[in-house]
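Architecture and fold: a report
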Amino acid sequence: MNNIRFELRTYAKSNEGYIWVNFYVGRCKVHFTTKVEVMKKNWSDSKQMVLQGDKDAKDKNLIIENIRARITDVFVKYRLKDRKLTKETFMRAYHRPHDYDTFVDFARDYMKKLAARTKKSTQSSQEAVLKKIEARYPGLSIDEVDKDFLNDFYGYMLKELGNNMNTANKNMTVLKKYVNAAFDAGYMDENPFKKWKIKKTTASVVYLTEEELQDCMDLYMSGELDEKHHKSLEVFLLLCFSSLHIGDARRLQMEQFTEETFTYYRQKLETRNPKPIMVPVSAPLRDIIHNMVGVRKKGPVIEKVPADQTMNECLKDVSDRLELNKKLSLKVGRHTFATIFLRKTKDLACLKEIMGHSEFRETLVYAHVLSETKIEGVSTAFAGFSF
């Protein structure tokens, strides 16, 4: 164990001074003041302590022992992790704040500080990630958040929780936000994400063809579904013909509609880039809304519908009933609108505006439609030629 020594440093012709601590990290000497002031006569160099002649001896000795313990703790942690300790890394570790028992405690406190400018839905999704960490690694300290932890947590999500790669990567992005905050605030010696890259994945876009969408409309109008499934399919068709995300659809009011268009603000962008989005009202959308609101002229478009998870379960039943062989969910409605619109118009710029995308790369998810059209076009154009 490193030899930690305390000594009294006095100034010329002075009978009192400050206690300093001295030790070595490798071959580099480290020394700094404990800020404990004591008279010469009340300091014992052999016993390394303040003598009882000082009325505050008990408190001063406690400070000295706490400093000794903190120094020792840094050496032990680095030795157990088999990490190289330098003078610079020691000083960062020694001065690191210690006001959180666990990493999750830090993350939750940091989340509270950002609550005023973070959407409730975002807070909920980030809290879900923290709960995964808490369940898998109870009592996880900030010091334990290293590259090995990142690898283990990523594998845990994929293998044990059954998360797909896209979900796992999104969760790692949330984790990175709090790791960066902890590192910037001085709680971490190194940022493990500096050498751990989050994989970029492109989620496959599930959408309905025009024929499949018509099958859904026919089932909706047939009257064969119970109320829960009927309502779920009704909301799904609203999304198919409006381009809306379910979160935006739930906030939609009748007052936002004219005969030809409706205007809304995307919930996702309200804290970053709020701007009105105008969407044309098609005949099928007008019919769906009429069925949903009846004779009402104001108030919410969507009323008394099941929770999103329940509706997604009902849509799986609808998919099975129609033999669609697709994992139907509410988000498929928005994808269906975009795919059919682009196939019919080839207008990527217009789709970007209607979808409320802030960047073209978001809209390019649907570029598979343009690729299909090119293949069909070339095949048709040269179909009459042969060698």
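Throughout this document, residue positions are counted from 1 along each chain, in the order its sequence is written. Local features in a predicted model are, by the rule used here, given only for residues with pLDDT of at least 70; side-chain atom pairs are given and counted only at 80 or more, and totals for whole chains, interfaces and linings are based on all residues. The basis for every side-chain value is the complete set of heavy atoms in the structure, and neither hydrogens nor water enter the calculation.

1. Re the overall build of the protein chain
Inclusion rule: Helical segments are the DSSP runs of H or I of at least four residues, strand segments are the runs of E of at least two, and each set is numbered from the N terminus. Computation of the radius of gyration draws on C-alpha atoms, with the globule rule given as 2.2 Å multiplied by the number of residues to the power 0.38. The accessible surface values rely on the Shrake-Rupley method and a 1.4 Å probe; as for residues, cover is taken only from the protein chains in view.
Counting its secondary structure elements, the protein chain contains 15 helices and seven strands. For a compact globule of 387 residues, the expected C-alpha radius of gyration is about 21 Å, and the protein chain comes in at 32 Å, more than 25% above that figure. If one aligns the C-alpha atoms of the protein chain with their principal axes, the spans along those axes are about 100 × 65 × 35 Å. For the protein chain, the accessible area works out to roughly 22,800 Å², and carbon and sulfur atoms hold 53% of it.

2. As for the confidence of the model for the protein chain
Defined as follows: How sure the predictor is of each residue is captured by pLDDT, a score from 0 to 100.
When pLDDT is averaged along the protein chain, the result is 88, and 93% of the positions lie at 70 or above. When pLDDT is averaged over each helix and strand of the protein chain, the minimum, 61, is found for helix α15 (residues 368-381) and the maximum, 96, for helix α8 (residues 227-242).

3. Section: the packing of helix α5 (residues 147-159) against helix α6 (residues 165-184)
Using the following cut-off: To obtain an axis, a line is fitted to C-alpha atoms, over the contacting stretch when the element is a helix, and the angle between two such axes runs from 0 to 180 degrees between their N-to-C directions. Should the near helix be turned anticlockwise from the far one by less than a right angle, the crossing is left-handed, and should it be turned clockwise, the crossing is right-handed. Contacts are residue-level and defined by heavy atoms, with any inter-residue pair within 4.5 Å sufficient. Residues are grouped as follows: Ala, Val, Leu, Ile, Met, Phe, Trp, Tyr, Cys and Pro are nonpolar; Asp, Glu, Lys and Arg are charged; all remaining types, including Gly, are polar.
Where α5 contacts α6, the axes come no closer than 9 Å and their chain directions differ by 145°. For the element pair α5 and α6, the recorded crossing hand is right-handed. Two secondary-structure elements touch here, α5 through Phe149, Leu150, Phe153, Tyr154, Met157 and Leu158 and α6 through Met165, Ala168, Asn169, Asn171, Met172 and Leu175. Its residues assigned to classes, the contact of α5 with α6 shows ten nonpolar, two polar and no charged.

4. Concerning the pairing of strand β2 (residues 16-25)
For the record, the criterion: Should DSSP find at least two bridges between two strands, the strands are taken to pair.
Strand direction decides the pairing type here: strand β1 (residues 5-10) and β2, joined by six bridges, are antiparallel. Residue pairing across strands places Leu8 opposite Ile19, the latter belonging to β2. Strand direction decides the pairing type here: β2 and strand β3 (residues 28-39), joined by ten bridges, are antiparallel. Bridge pairing in β3 links Phe23 to Val30. In sequence, β2 turns back onto β3 through a hairpin of two residues, with Gly26 there showing a positive phi of about 65°.

5. Focus: helix α13 (residues 348-355)
Note that an α-helix has 3.6 residues per turn; residues three or four places apart therefore point the same way. Spelled out, the test is: Under the scheme applied here, a residue whose accessible area is under 20% of the maximum for its type counts as buried, over 50% as exposed, and between as partly exposed, the area being computed with a 1.4 Å probe on protein chains only. Counted as a polar contact is a pair of N or O atoms within 3.5 Å, where, for protein atoms, one must be capable of donating a hydrogen and the other of accepting one, and residues adjacent in sequence contribute only when both atoms are in side chains.
All of the buried residues along α13 are Leu348, Leu351, Lys352, Ile354 and Met355. Of the residues flanking the start of α13, the one acting as N-cap is Asp347, its side-chain oxygen 3.3 Å from the backbone nitrogen of Ala349. Backbone geometry just downstream of α13 places Gly356 in the positive-phi region, at approximately 75°.

6. Let's talk about the layout of surface pockets
Defined as follows: Here a cavity means grid points, on a 1 Å grid over the protein atoms only, where a 1.4 Å probe fits yet cannot get out; a pocket means an open set of points with protein on both sides within 12 Å along at least five of seven lines; lining residues are those with an atom within 4 Å of a point. Grid points are joined across faces, edges and corners, and a volume is the space filled by probe spheres set on the points.
Of the pockets and cavities examined, the second largest pocket occupies roughly 750 Å³. Forming the boundary of the second largest pocket are 28 residues, of which Tyr78, Arg83, Asp146, Asp189 and Glu190 lie nearest the centre. Elements with a minimum of two residues in the lining of the second largest pocket: α1 (57-80), α2 (87-94) and α5. When residues of the lining of the second largest pocket are assigned to their parent elements, the largest contribution, six residues, is made by α1. Classifying every residue of the lining of the second largest pocket by side-chain character gives ten nonpolar, three polar and 15 charged.

7. Some points on the side chain of Arg266
Rules: Lys and Arg are tallied as positive, Asp and Glu as negative. Neither His nor the chain termini are counted. Salt bridge, as applied in this entry: a Lys or Arg side-chain nitrogen positioned within 4 Å of an Asp or Glu carboxyl oxygen.
The residue Arg266 is located in the loop between β6 (261-264) and β7 (277-280) in this model. This buried residue, Arg266, is left without a salt bridge; Asp248 holds the nearest opposite charge, at 4.0 Å. Within the structure, Arg266 has its side chain in polar contact with the backbone oxygen of Gly356 (distance 3.2 Å). Non-local contacts of Arg266, meaning those with residues more than four positions away in its chain, are made with Asp248, Arg251, Ile277, Arg334, Met355, Gly356 and His357.

8. Concerning the packing of aromatic side chains
Within a pair of aromatic rings, the relevant descriptors are the distance that separates the centres and the angle that separates the planes. To keep things clear, this is the line we draw: Working definition: rings of Phe, Tyr and Trp (its six-membered ring) pair if their centres are within 6.5 Å, and the pair is stacked with planes under 30 degrees apart, edge-to-face with planes over 60 apart, and tilted otherwise.
Throughout the structure, instances matching the rule amount to 20 aromatic pairs. Between the aromatic rings of Tyr154 and Trp196, the centroid separation amounts to 5.4 Å while the plane-to-plane angle is 70°, which identifies the pairing as edge-to-face. You can see Tyr154 sitting in helix α5 and its partner Trp196 sitting in the loop between α6 and α7 (210-222), a full 42 residues away along the chain. Neither residue differs from the other here; Tyr154 and Trp196 are each classed as buried.

9. Focus on a negative patch on the surface
Quick reminder of the rule: Patch membership needs two things, relative accessible area over 30% and no salt bridge, and members are linked within 9 Å if like-charged or within 5 Å if nonpolar (Val, Leu, Ile, Met, Phe, Trp, Tyr). In plain terms, the charge of a residue is placed at NZ if it is Lys, CZ if Arg, CG if Asp and CD if Glu.
Judged by side-chain charge, Asp226, Glu227, Glu313, Asp317 and Asp320 come together as a negatively charged surface patch. Examining the composition of the negative patch, we find that three residues originate from one element, helix α11 (residues 308-322), more than from any other. As for its placement among the helices and strands, Asp320 is situated in helix α11.

10. Thoughts on the pairing of β7
Where burial is concerned, the two faces of β7 differ: the one with Ile277 and Val279 is buried and the one with Met278 and Pro280 is not. Here β6 runs beside β7; their pairing, made up of four bridges, is antiparallel. Bridging from a neighbouring strand, Tyr264 pairs with Ile277 of β7.

11. Focus on the environment of Pro300
As for its placement among the helices and strands, Pro300 is situated in the loop between α10 (283-293) and α11. A residue is classified by how much of its surface remains accessible, and Pro300, at 26% relative accessible area, is partly exposed. Between the C-alpha atom of Pro300 and that of Glu255, which follows or precedes it by 45 residues, the distance is 8.6 Å. The residues contacting Pro300, other than those within four sequence positions of it, are Leu252, Gln253 and Val293.

12. Things to note about the environment of Phe241
Take Phe241: it is sitting in helix α8. Contacts of Phe241, omitting those with residues within four sequence positions, involve Leu213, Met217, Ser282, Pro284, Leu285 and Phe337.

13. A closer look at the state of the cysteines
Let me state the cut-off plainly: Defined by distance alone, a disulfide is two cysteine sulfur atoms within 2.5 Å.
Taken as a whole, this structure holds zero disulfides when the rule is applied. Free of any disulfide, Cys240 has its nearest neighbouring cysteine sulfur in Cys216, separated by 6.9 Å. The buried category is assigned to Cys240, whose relative accessible area is 3%.

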